[in-house]
Protein chains: 2
Amino acid sequence: MNFADRLIASCREADSVSVVGLDPHWEMLPESFKRDLPDEPEERAQTVADRVGEFCRGIIEVAADCAPAVKPQIAFYEQLGWRGMRLYADLARYAKEAGLLVIGDIKRGDIGSTATAYANAHLAPDAKSPLRTAPFEVDAVTVNAYMGADAVMPFKRAVEDAGKGMFILVRTSNPAAAELQLADCGGRPLWNRVADLAARLGADSIGACGYSSVGAVIGATDPVSLKQARGVMPNAPFLIPGYGAQGGGAAELAPAFDKDGIGSVVNSSRGILFAFRSEPWKSQFGEAGWKDAARAALLEMNAELNRARRAGKA
Amino acid sequence: MNFADRLIASCREADSVSVVGLDPHWEMLPESFKRDLPDEPEERAQTVADRVGEFCRGIIEVAADCAPAVKPQIAFYEQLGWRGMRLYADLARYAKEAGLLVIGDIKRGDIGSTATAYANAHLAPDAKSPLRTAPFEVDAVTVNAYMGADAVMPFKRAVEDAGKGMFILVRTSNPAAAELQLADCGGRPLWNRVADLAARLGADSIGACGYSSVGAVIGATDPVSLKQARGVMPNAPFLIPGYGAQGGGAAELAPAFDKDGIGSVVNSSRGILFAFRSEPWKSQFGEAGWKDAARAALLEMNAELNRARRAGKA
């Protein structure tokens, strides 16, 4: 089954378009997780990985019945070394078993033979790979296209052959994003060219739902950018980061959804994982209630986004 | 000591500007390495990692006294799962102990907090990191700046605080690179804007040698592009891939070197690692002589590049 169809089915089942970003910032974990680390380096590294794993499994349990997908940001596992990478793979399996789709936020991109190795690692091995399964297998990944189509075609192979998905990094919302992405290229911002590439690559991977398994990361949550992105990429599902902690709100997202209330998923990481650190959840649940706080924050996000989806419908 | 100074000292000591790319394409290894893999998945994965490790250690031994640095391409280790990532870290240590600098070809880039996690993983941990050393520590990394300065500043922190280096992906030589990198932005190709960013970031990290610890990946090996790149980034050391297997030759590289024959290092991966597959080395050494073939190919590359360096001097 086409990834876009699976994503939309998962959204409908959970009545949610909220993707939970598994970005375990160490310093933001509850204090009980950070206490009494061993000094011996190997033992310390394993203890840290175990505790991050315990926290992330708790979040996956919270999300299992009220979100379509989780999105682990691989950098937070990579900084824990090979044990962190083993944890990343374990968490991807754990989330899958819980019925969630997994979007690996890896933002990889390189020349063809190297991109093939990344696709082997994260989506599905090709015929030349010595391993028979992808060691970090997820349902979809984010990719960086600065090197052009070469850098993303090997992922497309896995989309076609293995029912996987990919989201091309098109427009991001970080403060310095404008520097290159908004550069004027013949009257259009550069990101429009990347959007052209995403639309072209996705044109032959459109599922029954009308959306492609080649999506786009669109971090700009102003209605004008969203409409412009939709114009260039009519069939691309959008993965919209930046909800909550990075500043975006639900009301502005209405144009991200079509008349059926689909077409985009929205990611929140810190706003859910560390909800126990902010009011009203902090007073209500305290640090020991981090799981309940995460669930409350996720349900609130679902409600807000479902209102935005209905606004798109109207 | 500033990374650029260390790189140049290492080039002088080895009388070489050749960087050996550790890209262990599984299908290109000598047949004896690929034989009789176990079927059981965990055992198979460990066997594959062990054999790739044996091959790469052989190449590091070959390069130790006649190259300044090795450049492992992390994708080839990532596709072997967490055991491959453990191997990547082991090989980085092995190369360091052999006296080589290590450039991690990771091409990471993401928003600030995520890029910080990558810098923690690959260069040096910051104060908030639970680990006290970088688990995948190398001397320098390659980074992708599509997201703007945010995506590279955390690596710059490690350049300043820990004497590390970084190479920003500016211009690549793969067939589809032109699609975005040559997009006309106000009369200049887009890659010039990325080059501006690299020059700006590197301006305060210039060592005694006159070069910065913030370098640039410049894959276009035509003399015109090289001169243009040098014009925009007078102090950036260039990391030039694409020598040999990807098609670039030594003669065209003369403009990459200054009057002292420094300013760039040149990478070859397949041309050295798999020299035993091509003439004249194939007939001379055969598959069993893969290490001797790699050494012969590396010494030939050194001689060719040293001629180009003298041409730059003239």
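This is a predicted model, so every value here is computed, not measured.

J.: So what exactly am I meant to see when it comes to the overall build of chain A here?
T.: Within chain A, the secondary structure is distributed over 13 helices and 10 strands. Computed over the C-alpha atoms, the radius of gyration of chain A is 19 Å, within 12% of the 20 Å expected from 2.2 N^0.38 for a compact globule of 314 residues. Overall, the C-alpha framework of chain A stretches about 55 × 50 × 40 Å when taken along its three principal axes. Relative to its 314 residues, chain A shows a buried fraction of 65%. Put simply, of all contacts in chain A between residues at least 6 apart along the chain, 71% involve residues at least 24 apart. Here chain A displays about 10700 Å² of accessible surface, and carbon together with sulfur accounts for 50% of that area.

J.: Is there a simple way to think about the packing of aromatic side chains in this case?
T.: The relation between two aromatic rings is expressed through the spacing of the ring centres and the mutual angle of the planes. Residue and element names in this part refer to chain A. Considering all chains together, one arrives at 17 aromatic pairs over all chains under this definition. An angle of 70 degrees between the planes, with centres 6.1 Å apart, marks the rings of Tyr88 and Phe136 as edge-to-face. Of the two residues, Tyr88 sits in helix H5 (residues 81-97) while Phe136 sits in the loop between helix H6 (112-122) and strand E4 (140-143), which places them 48 residues apart along the sequence. What makes Tyr88 buried here is its relative accessible area of 0%. Counting every residue linked through ring pairs, the aromatic cluster contains Phe33, Phe55, Phe274, Phe276 and Trp290. Against the face of Phe238 rests Arg230, its NZ or CZ located 3.9 Å from the ring centre.

J.: What is the right way to look at the pattern of salt bridges in this model?
T.: A side chain with one charge can pair with a side chain of the opposite charge if their charged atoms come near. For the coordinates displayed, the defined rule picks out 38 salt bridges over all chains. Salt-bridge contacts for Glu42 of chain A lead to Arg83 of chain A; the nearest nitrogen and oxygen are separated by 2.7 Å. Taken together, the residues span a long stretch of sequence, with Glu42 of chain A in helix H3 (residues 41-63) and Arg83 of chain A in helix H5 at a distance of 41 residues. On the accessibility criterion, Arg83 of chain A (13% relative accessible area) is buried. Within this structure, Lys71, Asp105 and Lys107 of chain A together with Asp110 of chain B form a network of salt bridges that share partners.

J.: I would appreciate a short explanation of the pairing of strand E10 (residues 264-268) of chain A in the present structure.
T.: When a strand is regular, its side chains alternate between the sheet's two faces. Residue and element names in this part refer to chain A. Burial within E10 is extensive, with 5 of its 5 residues counted as buried. Both faces of E10 are covered, namely the face carrying Ser264, Val266 and Ser268 and the face carrying Val265 and Asn267. Here strand E1 (residues 18-22) pairs with E10 via 3 bridges, running parallel. When the bridges of E10 are listed, Val20 appears paired with Ser268.

J.: Could you clarify how one ought to interpret the state of the cysteines in this entry?
T.: One pass over the full model with this rule turns up 0 disulfides over all chains. Of all cysteine sulfurs, the one in Cys209 of chain A lies closest to Cys11 of chain A, which takes part in no disulfide; the gap is 10 Å. In this model Cys185 of chain A remains outside any disulfide bridge; the closest cysteine sulfur is found in Cys185 of chain B, 3.1 Å from its own. Overall, Cys185 of chain A belongs to the buried group, its relative accessible area being 4%.

J.: How do you make sense of the interface of chain A and chain B when you look at a structure like this?
T.: Many authors give the size of an interface as the accessible area that is lost as the parts come together. Each partner contributes residues to the interface: chain A has 68 residues there, and chain B has 68 residues. A combined buried area of about 5900 Å² lies between chain A and chain B, and 59% of that area is made up of carbon and sulfur atoms. Sorting the residues of chain A by area buried against chain B places Pro130, Tyr146 and Leu180 of chain A first, and these three jointly supply 14% of that buried surface. At the boundary of chain A with chain B, the tally comes to 8 salt bridges. A salt bridge links Asp110 of chain A to Lys107 of chain B; its shortest N-O distance comes to 2.8 Å. Seen at the junction of chain A and chain B, the total is 29 residue pairs in polar contact (both at pLDDT 80 or more). With 7 residues, H6 of chain A is the single largest residue contributor to the side of chain A that touches chain B. Looking at side-chain class alone, the side of chain A that touches chain B contains 35 nonpolar, 16 polar and 17 charged residues.

J.: How should I be thinking about the relation of the copies chain A and chain B in this particular structure?
T.: Copy one and copy two of the chain differ by a rotation about an axis and a translation along that axis. Aligned on chain B, chain A shows an RMSD of 0.0 Å; the corresponding rotation is 180 degrees and the shift along the axis is 0.0 Å. The transformation relating the two chain copies, once decomposed into turn and shift, fits a two-fold axis. Residues of chain A ranked by C-alpha distance from the rotation axis are headed by Cys185 of chain A, positioned 2.3 Å from it. Interface overlap between copies is the fraction of interface residues in one copy that are interface residues in the other; for chain A against chain B it reaches 100%, indicating a shared surface.

J.: Sorry, what's going on with the environment of Ala254 of chain B here?
T.: Residue and element names in this part refer to chain B. Residue position: Ala254 is located in the loop between strand E9 (238-240) and strand E10 (264-268). Classification of Ala254 by relative accessible area gives buried; the value is 16%. C-alpha of Ala254 to C-alpha of Arg309: the two residues are 55 residues apart in sequence and 6.0 Å apart in space.

J.: It is not clear to me how the environment of Ala127 of chain B should be interpreted in this structure. Could you clarify?
T.: Along the chain, the position of Ala127 of chain B falls in the loop between helix H6 (112-122) and strand E4 (140-143). We classify Ala127 of chain B as exposed; its relative accessible area is 83%.

J.: Could you clarify how one ought to interpret the sheet that holds E10 of chain A in this entry?
T.: Strand pairing in a sheet relies on backbone hydrogen bonds. The paired strands run either parallel or antiparallel. All names here are of chain A. A barrel is described by the order of its strands in space; here 8 strands give the closed sequence E1-E2-E3-E4-E5-E8-E9-E10, paired in parallel fashion. Adjacent strand axes in the sheet meet at a mean angle of 30 degrees when their direction is disregarded. Sheet topology places strand E9 (residues 238-240) next to E10; 3 bridges connect them, and they run parallel. Across the sheet, Ile240 pairs through a bridge with Val266, a residue of E10. Strand contacts of helix H1 (residues 3-14): strand E3 (101-108), E4, strand E5 (165-171) and E10, with the helix running at about 130 degrees to E3, the strand carrying the most contacts.

J.: When you look at the nonpolar core in this model, what are you seeing that I'm missing?
T.: Soluble, globular proteins show a tendency: their nonpolar side chains are buried together. If you look at the biggest cluster of nonpolar residues, it comprises 227 residues, and the most contacted ones within it are Val20, Phe155, Ile168 and Met233 of chain A together with Val20, Ile168 and Met233 of chain B. Ignoring any residue separated from it by four or fewer positions in sequence, one finds Met233 of chain B in contact with Val170, Ala195, Ala198, Ala199, Ala216, Ile218 and Phe238 of chain B.

J.: Looking at this structure, I do not really get the side chain of His25 of chain B. What am I missing?
T.: Among the secondary structure elements, His25 of chain B is positioned in the loop between strand E1 (18-22) and helix H2 (31-34). Setting aside chain neighbours within four positions, we find His25 of chain B in contact with Ser113 of chain A together with Phe76, Arg270 and Phe274 of chain B.

J.: Can you help me understand the sheet that holds strand E8 (residues 214-218) of chain B in this one?
T.: Residue and element names in this part refer to chain B. Ordered in space as E1-E2-E3-E4-E5-E8-E9-E10, the 8 strands form a closed barrel in which the pairing is parallel. Neighbour-to-neighbour, the strand axes of the sheet open up by a mean angle of 30 degrees, direction not taken into account. One ladder, built from 2 bridges, connects E8 with E9; its direction is parallel. Counterpart to Ala216 in the pairing with E9 is Phe238. On top of the sheet, helix H10 (residues 223-232) reaches E8, E9 and E10; it is set at about 155 degrees to E9, its chief contact.

Rules of the game
Residues numbered from 1 in each chain as written. Chains lettered and ligands numbered in written order. Predicted model: local features only at pLDDT ≥ 70, side-chain atom pairs only at ≥ 80, totals over all residues. Heavy atoms only, no water. Helix = DSSP H or I, 4+ residues; strand = E, 2+ residues; numbered from the N terminus. Rg over C-alpha atoms; globule rule 2.2 N^0.38 Å. Buried < 20%, exposed > 50% of the residue type's maximum accessible area, 1.4 Å probe, protein only. Contact = heavy atoms within 4.5 Å. Areas by Shrake-Rupley, 256 points an atom, 1.4 Å probe, with all protein chains shown as cover. Phe/Tyr/Trp six-rings, centres within 6.5 Å; stacked < 30°, edge-to-face > 60°. Lys NZ or Arg CZ within 6 Å of the ring centre and 35° of its normal. Salt bridge = Lys/Arg side-chain N within 4 Å of Asp/Glu carboxyl O. Pairing = 2+ DSSP bridges. Disulfide = S-S within 2.5 Å. Buried area = accessible area lost by both parts, 1.4 Å probe. Polar contact = N/O pair within 3.5 Å; in protein donor to acceptor, adjacent residues only side chain to side chain. Nonpolar A, V, L, I, M, F, W, Y, C, P; charged D, E, K, R; others polar. Least-squares fit on C-alpha atoms with pLDDT ≥ 70 in both. Axes fitted to C-alpha atoms, helices over the stretch in contact; angles between N-to-C directions. Core = buried A, V, L, I, M, F, W, Y, C linked by side-chain atoms within 4.5 Å.

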